[in-house]
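Chains, contacts and geometry: an overview
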Amino acid sequence: MTVETFTPNKTTTLETPIKILEADSPVQKTKGTRIGFVSLGCPKNLVDSERILTQLRTEGYDVVPTYNDSDLVIVNTCGFIDSAVQESLDTIGEALAENGKVIVTGCLGIKEDEIREVHPNVLAITGPHAYEEVVNQVHQHLPQPEHNPYLNLVPDIGIKLTPRHYAYLKISEGCNHRCTFCIIPSMRGDLVSRPIGSILDEAQRLKNAGVKELLVISQDTSAYGVDVKNKTDFWNGMPVKTDMKSLCEKLGEMGIWVRLHYVYPYPSVDKIMPLMAEGKILPYLDIPFQHASPRILKLMKRPAAAERTMDRIRAWREVCPDIVIRSTFIVGFPGETEEDFQMLLDFLDEAQLDRVGCFKYSDVDGAKANDLPDPVSEDLKQLRYNRFMEKQSEISTAKLQAKIGLEYQVIIDEVTPEGAVGRCYADAPEIDGNVHLTDEFDVEPGDIIWAQIIHSNEYDLWAVKVDDDEDVELTEEL
Ligand code: SF4
C-alpha cells in the first residue's frame, strides 16, 4: 500500500521523458527542428504527451532535453486543482524565460485568458487532447522538416514516456459524472469511448514492441462503451462489443499483465471477476471511493454512491480471493462531521483495502463543492488526515506482513546499485509499493521472475528470487 496519493502536482519534467526519448534517438539533432517538451499532471496527460510527440517525431522533428537546445518548447499543462494551475503557469514562465518560444496545451489551455494575462507572449494555446491543433501550431512556428525515412523511423509503438515495459492505454475521454469537487467534465466534456478495435490494435502494437504490462486508464473505466450503447465493433475481422468485459477478455488473451484503473463499483464490474480469478487480467482494481459516509458521497455526487459497496467487495472476494483493491479518499470535505469521518474509519477497518491514498479536501477553481456550507477547518482536516493514515498504515502493515513466505511474480522496473526493484500484481507503477530484491543484479527491467517474500514494512516488500534457471512465462499463474 502507499499513503502517497496521486497528485496533479506530480510532474514529468523535461528531463524524465527526454531521457527515454534520447535513448531511442542517437541521431544528430538538426537546428530548426528541435522541440523541448514538458508534461505536467496525471497519466492521462502523459498519454496525450506521448501522442503529440509520436506525431512530431513521425514528421521528423527532434525532441531535445534542454531549453537551450530547443527551437521551441511545448508545455502540456494540468489544471486540476489550484496548485496545479500555479505550477503550470510557473512552468510556462520558466520556458518563456529560458527559451522564449512556447506553445501551451493541456487542461489549463481552456483558460486562455488566464494564461495570457500572466504570459501574453506564448505563441499559441490549445486545450486538452487537441493533438492535431498542437501539431498544426508547431508547423506554423517551426516549418516541418523534410521527411527522411532513414533518420526519422518511428517505432510502431510510438514514443513512450513511460519505461519500455509498461504503458498506459487510454480507452476514453471525458466523463458523464458531475462530482462536485471535480472540474474535469467541464474541461474534457462528456464520455467519448474510443472504438474497441483501435484500442486493441494499440494494445497489440504495444505488446509487439515489448510492453509487458498495460495500465488501462480513463476517467471512468467501468463506463466504457456506455456512450455508444455498447455497440458491436470489429477487431481482427471478428465482432466485439464495446464494453469493459469484452475489452478485458480481449486484452486478457494477449498474455501480458493488464491492470485496471479508475473503476467504479457498479454491478458491471462483477462480470470481470471471473477473468481476474482465472488470471486473464491482474486481480487488481483501482477504485477511487473518496468517502464511505452516504451523506458525504451524496454531497460529492459520486458515481455508484448508492451502491452497497461493502457487499460488493465481499462478493468480489468470494469469486477472486486474491483481489487487491486500491483506493483514494478525501478527508475534510465541506460538511464532514465527526460521525461521517468515523464511518470512513470504520469502512477502512471493515473493507481492509490493500492500497490507499488520502488527500485533504481543497477548493478547486470552478468546482461546485466550493459553495457547500460548513467547510472543515485546516487544523481539523490535518487531524483527520493523520488519524486516517494511522489507521490505514496499521492495516497495510498487517496485510503485507501476511505475505511473508509467499511467492509472487515480480516485474522488474529497475536495477540499482543495491539490487533490483520491481512490483508484484498488487502494485501499480508510481502509486503503489515496491518489491525490493536486494543484491539481485542478474535481471533486467521488464523481466518477470518468481520471488519469495522475506520481509515487509508498511508499504514495501523485500524478496529473494526463486526458480533461478529461467524466467517465468507470462501466461502462467500470476
Ligand atoms: S468521476 Fe467524478 S471525479 Fe472522476 S472525472 Fe468524473 S466528475 Fe471528475
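To keep things clear, this report deals only with the structure shown in the data block. (Residues numbered from 1 in each chain as written. Predicted model: local features only at pLDDT ≥ 70, side-chain atom pairs only at ≥ 80, totals over all residues. Heavy atoms only, no water.)

**Notes on the nonpolar core**
Here is the rule: Side-chain atoms within 4.5 Å are what join buried Ala, Val, Leu, Ile, Met, Phe, Trp, Tyr and Cys residues into a set we call a nonpolar core. Relative accessibility thresholds used throughout: buried, under 20% of the residue-type maximum; exposed, over 50%; partly exposed, between the two (1.4 Å probe, protein chains only). A helix here means a DSSP run of H or I that spans at least four residues, while a strand means a run of E at least two residues long, and both kinds are numbered starting from the N terminus. In this analysis, two residues are considered to be in contact whenever any of their non-hydrogen atoms come within 4.5 Å of each other.
Of all hydrophobic cores here, the largest spans 53 residues; its most connected members are L251, L260, L285 and F388. Residue contributions to this core peak at six residues, all from helix 13 (residues 338–351). For F388, the residues in contact, after removing those within four places along its chain, are F329, V331, F341, L344, L345, L348, V356, G357 and C358. Judged by nonpolar contacts, the second largest core, of 24 residues, contains L400, A426, V443 and I453.

**Side note on the environment of I323**
Among the secondary structure elements, I323 is positioned in the loop between helix 12 (309–319) and strand 14 (324–331). I323 sits 40 residues away from P283 along the chain, and the two C-alpha atoms are 4.6 Å apart. In contact with I323, not counting residues within four places along its chain, are M273, M276, P283, Y284, L285, R317 and D354.

**A short note on the pattern of salt bridges**
Definition in use: Salt bridges, as used here, are contacts in which a Lys or Arg side-chain nitrogen is within 4 Å of a carboxyl oxygen on Asp or Glu.
With the rule as written, the count across this model stands at 25 salt bridges. One salt bridge in this structure joins R194 and E202, with 2.7 Å as the shortest N-O distance. With respect to class, R194 is no different from E202; both count as buried. In this structure, E253 engages K250 in a salt bridge whose closest nitrogen and oxygen atoms are separated by 4.0 Å. Within this structure, E213, R259, D413 and R423 form a network of salt bridges that share partners.

**Remarks on the site of the ligand**
Heads up, the rule is: When we say a residue is near a molecule or strand, we mean one of its heavy atoms is within 4 Å of it. Polarity classes work like this: nonpolar for Ala, Val, Leu, Ile, Met, Phe, Trp, Tyr, Cys and Pro, charged for Asp, Glu, Lys and Arg, and polar for all others, with Gly in that last group.
Taken together, C175, H177, C179, F181, C182, I184, P185, Q219, Y264 and R302 make up the full set of residues adjacent to the ligand. Each residue belonging to the shell around the ligand can be placed in one class, and the counts come to seven nonpolar, two polar and one charged.

**Looking at the sheet that holds strand 20 (residues 461–466)**
Picture the strands of a sheet paired through backbone hydrogen bonds; they go either parallel or antiparallel. Heads up, the condition is: DSSP-based pairing: two strands are paired if at least 2 bridges between them are found. Only the stretch in contact is used when fitting a helix axis, every axis being a line fitted to C-alpha atoms; angles between N-to-C directions are given from 0 to 180 degrees.
Taken in spatial order, the five strands close into a barrel running 16-17-18-20-19, and their pairing is mixed. Between one strand axis and the next, the sheet turns through 50° on average, direction left out of account. Inspection of the sheet shows strand 16 (residues 407–416) paired to strand 19 (residues 448–456) by five bridges, in the antiparallel sense. Counted as the bridge partner of Q409 is W450 from strand 19.

**Section: a negative patch on the surface**
Under the convention used in this document: Patch membership requires over 30% relative accessible area and the absence of a salt bridge. Like charges are linked within 9 Å, and nonpolar side chains (Val, Leu, Ile, Met, Phe, Trp, Tyr) within 5 Å. Every accessible area reported is derived by Shrake-Rupley at a probe size of 1.4 Å, with residue values counting cover from the shown protein chains alone. Under the convention used here, Asp and Glu are negative, Lys and Arg are positive, and both His and the chain ends fall outside the count. Charge coordinates come from a single atom per side chain, which is NZ of Lys, CZ of Arg, CG of Asp or CD of Glu.
A contiguous patch of negative charge, built from D82, D113, E114, E117, D363, D365 and D371, is present on the exposed surface. In terms of residue count, helix 4 (residues 112–118) provides more of the negative patch than any other element does, three residues in total. Position of E114 relative to the elements: it lies in helix 4. We classify E114 as partly exposed; its relative accessible area is 30%.

**Focus on helix 7 (residues 196–208)**
Where we set the bar: One less than the residue count of a helix, multiplied by 1.5 Å, gives the span that helix is expected to have.
The first and last C-alpha atoms of helix 7 sit 18 Å apart over 13 residues, in line with the 18 Å expected at 1.5 Å per residue. Those residues of helix 7 that fall on the buried side of the exposure criterion are I196, G197, I199, L200, E202, A203 and L206. Backbone geometry just after helix 7 places G210 at a positive phi near 105°.

**Observations concerning the pairing of strand 15 (residues 355–360)**
Where a strand is regular, its side chains alternate between the two sheet faces. Using the following cut-off: Handedness of a crossover: with both strands directed away from the viewer, a clockwise path from the first strand across the helix to the second marks it as right-handed.
The pairing of strand 14 with strand 15 spans six bridges and is classified as parallel. Bridge assignment links S327 to a residue of strand 15, and that residue is V356. Handedness of the strand 14-helix 13-strand 15 crossover: right-handed.

**As for the packing of aromatic side chains**
The criterion, for reference: Side-chain rings of Phe, Tyr and Trp (the six-membered ring for Trp) are treated as a pair once their centres are within 6.5 Å; stacked means planes under 30 degrees apart, edge-to-face means over 60, and tilted covers the remaining angles. Each ring is checked for a lysine NZ or an arginine CZ that lies within 6 Å of its centre and within 35 degrees of its normal; such an atom marks a charge sitting over the ring.
In the structure shown here, the tally under the stated rule is eight aromatic pairs. Centroid distance F333 to Y361: 5.2 Å. Interplanar angle 75°. Geometry classified as edge-to-face. Placement of F333 in the loop between strand 14 and helix 13 and of Y361 in the loop between strand 15 and helix 14 (378–401) is noted, with a sequence separation of 28 residues between them. The exposure class of F333 is buried, given its relative accessible area of 0%. In this structure Y361 comes out as buried when scored by relative accessible area, which is 6%. The residue whose ring lies beneath R259 is Y284, and the NZ or CZ to ring-centre distance is 4.5 Å. Sitting over the ring of Y166, R423 keeps its end group 5.4 Å from the ring centre.

**Here we look at unusual backbone geometry**
Not every positive phi belongs to a glycine, and Y262 is a case in point at roughly 55°. Mapping Y262 onto the fold places it in the loop between strand 12 (257–260) and helix 9 (267–270). Residue Y262 is classed as buried on the basis of its relative accessible area, which comes to 17%. The phi dihedral of E430 falls on the positive side, at around 75°, and the residue is not glycine.

**A short note on the side chain of R384**
Tracing the backbone through its elements, the reader meets R384 in helix 14. Under the relative-accessibility criterion, R384 is labelled buried at 3%. Those residues within four positions of R384 in sequence are excluded, and the remaining contacts are V331, E336, T337, E338, F341 and V376.

**Focus: the packing of helix 12 against helix 13**
Stated precisely, the cut-off is as follows: The cut-offs work like this: below 35 degrees is roughly parallel, past 145 is roughly antiparallel, 65 to 115 is roughly perpendicular, and the gaps in between are oblique. Two helices crossing with the near one rotated counterclockwise from the far one by less than a right angle form a left-handed crossing, whereas a clockwise rotation gives a right-handed crossing.
The N-to-C vectors of helix 12 and helix 13 enclose an angle of 15°; their axes lie 11 Å apart at closest approach. Here helix 12 lies roughly parallel to helix 13, going by the angle between them. At the point where helix 12 passes helix 13, the crossing takes the right-handed sense. Of the residues in helix 13, those in contact with T309, M310, I313, R314 and R317 of helix 12 are F347, E350 and A351.

**Re the pairing of strand 6 (residues 166–170)**
With five of five residues buried, strand 6 lies mostly within the body of the structure. As defined by bridge partners, strand 6 adjoins strand 9 (residues 213–217) across five bridges and the pair is classed as parallel. Among the inter-strand pairings, A167 is bridged to a residue of strand 9, identified as L214.

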